[in-house]
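Here is what each chain is made of, one letter per residue.
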Amino acid sequence: MGGEEKKPLLLHICCGPCGSGCLPRLTDRRVVLYYSNSNIATREEYEKRLEQVRILAAYWQTELLTDPYDHDAWLRHIQTLENAGSFPEKGPRCTLCFGFSLQRTALMAEQMGFPFATTLTVSPHKNSCVIFDEGAKYPLFEAIDFKKKDGFLLSIRESTRLGLYRQRFCGCEFSLAASGS
Ligand code: SF4
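Everything quoted here is computed from the prediction, not taken from an experiment.

Asks: Let's hear about the environment of Trp-74: which residues, and what values?
Replies: Examined against the element boundaries, Trp-74 turns out to sit in helix α3 (residues 71-78). For the pair Trp-74 and Ser-38, spaced 36 residues apart in sequence, the C-alpha to C-alpha distance is 6.1 Å. Excluding residues that lie within four positions of it along the chain, Trp-74 makes contacts with Ser-38, Asn-39, Cys-97, Phe-100, Cys-172, Glu-173 and Phe-174.

Quick look at the structure:
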């Protein structure tokens, strides 16, 4: 007799490199990727990161859904806290930013009837507890901490192996300015 089949997972993916450290940990599940990244400063950068996600999805033969880019809505969501993010990605602006993408992912998860998680937790620059607090607002959220067991190192190895573009800033214009790029 086989064990209980694991539920499929809607995985919010912020970029190819972060996703490359998460997908190897989910080989026992059907994963659907959800690229929801209206926090990215420009459409050009949004598309550049999406292209890397497409490469990753093709490699893992994983379904990929995309959320339309709406940076104006993101800016409205974080307004008054524009300058309240610290570098690296911690602070009240970043908490709102996580909440924005997770809320949109939660909506999609509800439509699909899937639990969901996020690749955001693989980054050592982001506080997984803060991400989990935001995710816990939604009943379908699964608190998976991808940075455990050297998840970030895995993401560096895998993204290098697959030749993925690794961006030098988190995503928004504020992180771009702080990076000095
Ligand atoms: S630094 Fe990153 S996490 Fe923070 S608000 Fe900008 S895009 Fe979002």
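Asks: Residues and numbers for helix α6 (residues 151-161), please.
Replies: Where α6 is concerned, the buried positions are Gly-151, Leu-154, Ser-155, Glu-158 and Ser-159. One side of α6 carries all its buried residues, which in axial view fall inside an arc of 120°. Of the exposed residues in α6, the ones pointing more than 90 degrees away from its buried face are Arg-157 and Thr-160. As for α6, its buried residues are in contact with α1 (16-20) and α2 (43-60).

Asks: Any chance you could break down the site of the ligand for me, citing the residues and the numbers?
Replies: The local shell around the ligand holds 10 residues, among which Arg-93, Cys-94, Cys-97, Cys-170 and Cys-172 are the closest. The greatest single-element share of the shell around the ligand, amounting to four residues, is contributed by helix α4 (residues 92-112).

Asks: Please set out the environment of Ala-106 residue by residue, giving values where relevant.
Replies: Positionally, Ala-106 belongs in helix α4. When the C-alpha atoms of Ala-106 and Gly-135 are compared, they prove to be 8.4 Å apart, with 29 residues separating the residues in sequence. When neighbours within four sequence positions are excluded, Ala-106 is seen to be in contact with Phe-116 and Tyr-138.

Asks: Go over the pattern of salt bridges, please, and point to the residues and values.
Replies: Any two side chains of opposite charge can pair if their charged atoms end up close together. By the definition in use, this model includes nine salt bridges. In this structure, the salt-bridge partner of Arg-30 is Glu-63, at a minimum N-O distance of 3.1 Å. With Arg-30 in the loop between α1 and β2 (31-35) and Glu-63 in strand β3 (residues 63-66), this residue pair connects regions lying 33 residues apart in the sequence. Among the residues examined, Arg-30 registers a relative accessible area of 48% and is labelled partly exposed. You can call Glu-63 partly exposed: its relative accessible area is 39%. In this structure, Lys-137 and Glu-134 form a salt bridge, with 3.0 Å as the shortest nitrogen-oxygen distance. A residue is classified by how much of its surface remains accessible, and Glu-134, at 12% relative accessible area, is buried.

Asks: Any chance you could break down unusual backbone geometry for me, citing the residues and the numbers?
Replies: Although it is not a glycine, Gln-61 sits at a positive phi angle of roughly 50°. Tracing the backbone through its elements, the reader meets Gln-61 in the loop between α2 and β3. Under the relative-accessibility criterion, Gln-61 is labelled exposed at 75%. Its identity is not glycine, yet Lys-149 carries a phi of approximately 50°, on the positive side. Position of Lys-149 relative to the elements: it lies in the loop between α5 (128-135) and α6. Residue Lys-149 is classed as exposed on the basis of its relative accessible area, which comes to 70%.

Asks: Residue-level account of α5, with values.
Replies: For α5, the full list of buried residues reads Ser-128, Ile-131, Phe-132, Glu-134 and Gly-135. Around the axis of α5, the buried residues are gathered within 160° of arc, so they sit on the same side. For α5, the exposed residues lying more than 90 degrees away from the buried face are Cys-129 and Asp-133. One side-chain oxygen at the N-terminal end of α5 lies 2.9 Å from the backbone nitrogen of Cys-129; it belongs to Asn-127.

Asks: For the packing of α3 against α4, give the residues involved together with the corresponding values.
Replies: Look at α3 against α4: their axes get within 9 Å of each other, and the N-to-C directions meet at 135°. As summarised for this structure, α3 and α4 are arranged oblique, according to the angle between their axes. The element α3 and its partner α4 pack so that their crossing is right-handed. Counting all contacts with α3, which are made through Ala-73, Trp-74, His-77 and Ile-78, the residues of α4 involved are Arg-93, Leu-96, Cys-97 and Phe-100. Here the contact of α3 with α4 is built from residues that sort into six nonpolar, one polar and one charged.

Cut-off values and rules
Residues numbered from 1 in each chain as written. Predicted model: local features only at pLDDT ≥ 70, side-chain atom pairs only at ≥ 80, totals over all residues. Heavy atoms only, no water. Helix = DSSP H or I, 4+ residues; strand = E, 2+ residues; numbered from the N terminus. Contact = heavy atoms within 4.5 Å. Buried < 20%, exposed > 50% of the residue type's maximum accessible area, 1.4 Å probe, protein only. Arc of directions from axis to C-beta. Near = heavy atom within 4 Å. Salt bridge = Lys/Arg side-chain N within 4 Å of Asp/Glu carboxyl O. Polar contact = N/O pair within 3.5 Å; in protein donor to acceptor, adjacent residues only side chain to side chain. Axes fitted to C-alpha atoms, helices over the stretch in contact; angles between N-to-C directions. Parallel < 35°, antiparallel > 145°, perpendicular 65-115°, else oblique. Left-handed = near helix turned anticlockwise from the far one by under 90°. Nonpolar A, V, L, I, M, F, W, Y, C, P; charged D, E, K, R; others polar.

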